[in-house]
Amino acid sequence: KYDISYDEEMPVVEDFHFMLQCLTNNALCVLVPQPYYCYCYRPGSLVTQSKTRHIAQASRSIQYFLQQETRKSNSQLVQALWESFVILKKNEAYY
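Residues numbered from 1 in each chain as written. Predicted model: local features only at pLDDT ≥ 70, side-chain atom pairs only at ≥ 80, totals over all residues. Heavy atoms only, no water.

J.: Give me the pattern of salt bridges: which residues, what numbers.
T.: All chains considered together, the criterion is met by one salt bridge. With its nearest N and O atoms 2.9 Å apart, the salt bridge here joins Glu92 to Lys89. Within this pair, Glu92 and its partner Lys89 are both found in helix α3 (residues 75-94), separated by three residues, close to a single helical turn. The exposure class assigned to Glu92 is partly exposed, which follows from its relative accessible area of 26%. With a relative accessible area of 36%, Lys89 lands in the partly exposed category. (Salt bridge = Lys/Arg side-chain N within 4 Å of Asp/Glu carboxyl O. Helix = DSSP H or I, 4+ residues; strand = E, 2+ residues; numbered from the N terminus. Buried < 20%, exposed > 50% of the residue type's maximum accessible area, 1.4 Å probe, protein only.)

Here it is as structure tokens:
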């Protein structure tokens, strides 16, 4: 219905991009106390590599969603994304 997909070609923060697709299409989220997902940190894995790469990709994802016409009608979403973008840019300058 909304053409939501997991981008397997995106090397980092693909889960963040997927969640943004869901949330910007009015998905409902449920928080549960049990862990259902576990990151495994291994030396040399993508999770342990350059923070700037992760920050840059997350920034690009937010910029993409901010440019979508359908998102502009949700002022709270736009404000939250913009605030996240500003924080990412500050972090990018730090690293």
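J.: Go over the packing of helix α1 (residues 14-24) against helix α2 (residues 51-67) with me, naming the residues and quoting the values.
T.: Taken N-terminus to C-terminus, the directions of α1 and α2 make an angle of 20 degrees; their axes are 10 Å apart at the nearest point. One finds that α1 runs roughly parallel with respect to α2. As for the relative orientation of α1 and α2, their crossing is right-handed in sense. Each of Phe16, His17, Leu20, Gln21 and Thr24 in α1 lies in contact with α2, whose residues at this interface are Ala58, Ser61, Ile62, Tyr64 and Phe65. (Axes fitted to C-alpha atoms, helices over the stretch in contact; angles between N-to-C directions. Parallel < 35°, antiparallel > 145°, perpendicular 65-115°, else oblique. Left-handed = near helix turned anticlockwise from the far one by under 90°. Contact = heavy atoms within 4.5 Å.)

J.: If you had to explain the side chain of Ser61 to someone new, which residues and values would you point to?
T.: Here Ser61 lies in helix α2. According to the relative accessible area criterion, Ser61 is buried, its value standing at 1%. Excluding its chain neighbours within four sequence positions, the residues that come into contact with Ser61 are Met10, Phe16, His17 and Leu20.

J.: Explain the packing of aromatic side chains residue by residue, including any values.
T.: Each aromatic ring pair is characterised by the separation of its centres together with the angle its planes make. Evaluated as defined, the whole model comprises three aromatic pairs. Ring geometry for Tyr64 versus Phe65: centroids 5.1 Å apart, planes at 85 degrees, classification edge-to-face. For Tyr64, a relative accessible area of 40% corresponds to the partly exposed category. The exposure class assigned to Phe65 is buried, which follows from its relative accessible area of 1%. (Phe/Tyr/Trp six-rings, centres within 6.5 Å; stacked < 30°, edge-to-face > 60°.)

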